[in-house]
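# Commentary on secondary and tertiary structure
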Amino acid sequence: MEMATSADGTAIAYDRIGSGPALILLPGATCTRGILASLAETLSAHFTVFAVDRRGRGDSDDMAAPPPYAVEREVEDVEALVAAAGGSAALYGHSSGAALALHATAAEIGVTRLVMHDAPYSTPSMEQAARDWHVHLHETLADDRPGDAVAAFMQKVGLPEQAITGMRNGPGWPAMEAVGSSLAYDSAAMGDAIGGVVPRDLASRVSVPTLVLVGGADLEFMLDAADQLVAALPDGRLEHLVGARHDAGPEVVVPGMLPFLLA
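What counts as what
- Numbers given for residues are sequential positions, taken from 1 along each chain in its written order.
- Residue-level local features of this predicted model are given only where pLDDT is at least 70; pairs of side-chain atoms are given and counted only at 80 or more, and the full residue set underlies all totals for whole chains, interfaces and linings.
- Water and hydrogen atoms were dropped before computing side-chain values, which therefore reflect all heavy atoms in the structure.
- At least two bridges found by DSSP between two strands are what make those strands a pair.
- Secondary structure elements follow DSSP: runs of H or I no shorter than four residues count as helices, runs of E no shorter than two count as strands, and numbering proceeds from the N terminus.
- Each axis is a line fitted through C-alpha atoms, taken for helices only over the stretch in contact, and angles between the N-to-C directions span 0 to 180 degrees.
- Note on definitions: a residue-residue contact is assigned when non-hydrogen atoms from the two residues lie within 4.5 Å.
- Each salt bridge in this description consists of a side-chain nitrogen of Lys or Arg and a carboxyl oxygen of Asp or Glu lying within 4 Å of one another.
- Each angle is binned into one of four classes, with values under 35 degrees roughly parallel, values over 145 roughly antiparallel, values of 65 to 115 roughly perpendicular, and all other values oblique.
- Here the nonpolar group is Ala, Val, Leu, Ile, Met, Phe, Trp, Tyr, Cys and Pro; Asp, Glu, Lys and Arg are the charged ones; every other residue, Gly included, is treated as polar.
- Each crossing is labelled by how the near helix is turned from the far one, with a counterclockwise turn of less than a right angle marking it left-handed and a clockwise turn marking it right-handed.

### Considerations on the sheet that holds strand E1 (residues 2-5)
Two pairing modes exist for strands in a sheet, parallel and antiparallel, and in both the strands are linked by backbone hydrogen bonds. An order of E1-E2-E4-E3-E5-E6-E7-E8 is seen for the eight strands of this open sheet, with the pairing classed as mixed. Here the strands that pair on one side only, and so sit at the sheet edges, are E1 and strand E8 (236-240). On average, each strand axis in the sheet is tilted by 25° relative to the strand beside it, whichever way the strands run. Sheet topology note: the strand E2 (residues 11-18)/strand E4 (residues 48-52) ladder contains five bridges and is antiparallel. If you follow Tyr-14 over to E4, its bridge partner there is Val-52. Packing against the sheet, helix H2 (residues 71-84) makes contact with E1, E2, strand E3 (22-26), E4 and strand E5 (89-94), and its axis sits at approximately 40° to E2.

Shown next as structure tokens:
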């Protein structure tokens, strides 16, 4: 494990593996760098891979807490990682990590190529639900109930109540509860406060080649978001991982992204 120091003093933990051009992996909500370990291992045959604990998760701290949980702080984290990589790097972001990667790339901090995988932006019919989630999440965190925030997030993404109860009673729950406050950074990256829709203006400012990967179990709102992103990006292209779930493994993801990254 290595550490990069962000602009506000936050320590960002990462594992560095492999050799070649730098590639930074940003996981989604509640996830630490371990979730992308197998992807990092596979990609390390071609790249120097940085598997990251985003701030407030795993071995990374959060000097900006308590709120506001601004996406600018996470962009600064990515900038520190790019600096640790030598000043330039490709970015891969999964789920809300893809939204963060978009913000970071638009900030022109040395990103050379961008891969956005299953960014779960809202459709117009989902905008109010995103706003309601943002309010509920911040109220829950203000009441110092990070475990309830994690449980609410799991319910939001469709996990059955019985499964959530089982997890809360299991040995792994303290680790989940520990990342509860980081959900506010995911919400900020997704733009939930304003409806969580595809940020067309932001995407239009991304000047580097961008690959939009979408599996999302072929859910209509995921496919629609991917199409909107590609339309808004100046140099965007789409790769549909037909039938792939949101948690697709490297055997599915790597063939979809490797030709783009090596081009």
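Let's pick the thread back up.
### Observations regarding the pairing of E2
Bridging between E1 and E2 involves four bridges; their strand directions are antiparallel. Its bridge partner being in E2, Ala-4 is matched across the sheet by Ile-12. In this antiparallel pair of consecutive strands, E1 and E2, the connection spans five residues, and Gly-9 shows a positive phi of 95°.

### Quick notes on the pattern of salt bridges
Counted by the stated rule, this structure contains 17 salt bridges. A salt bridge links Arg-57 to Asp-186, with the shortest nitrogen-to-oxygen separation between them at 2.8 Å. With Arg-57 in the loop between E4 and H2 and Asp-186 in helix H8 (residues 183-190), this pair connects stretches of sequence that are 129 residues apart. Through salt bridges with shared partners, a single ionic network connects Asp-8, Arg-55, Asp-62 and Asp-77.

### Let's talk about the packing of H2 against helix H3 (residues 96-106)
One way to put it is that H2 packs onto H3 with a least axis distance of 9 Å and a crossing angle of 75°. Taken together, the axes of H2 and H3 are roughly perpendicular relative to one another. Residues Val-71, Glu-74, Val-75 and Val-78 of H2 touch H3, and the partners they reach there are Leu-100, His-103 and Ala-104. The residue makeup of the contact of H2 with H3, split by class, is five nonpolar, one polar and one charged.

### Structural notes on the packing of helix H4 (residues 127-142) against helix H5 (residues 146-156)
Put simply, H4 and H5 touch, their axes get as near as 8 Å, and they point 160° apart. With respect to H5, the element H4 is oriented roughly antiparallel. Once H4 is placed against H5, the crossing between them reads as right-handed. Here H4 contributes Trp-133, His-136, Leu-137, Thr-140 and Leu-141 to the contact with H5, which in turn contributes Pro-146, Asp-148, Ala-149, Ala-152, Phe-153 and Lys-156.

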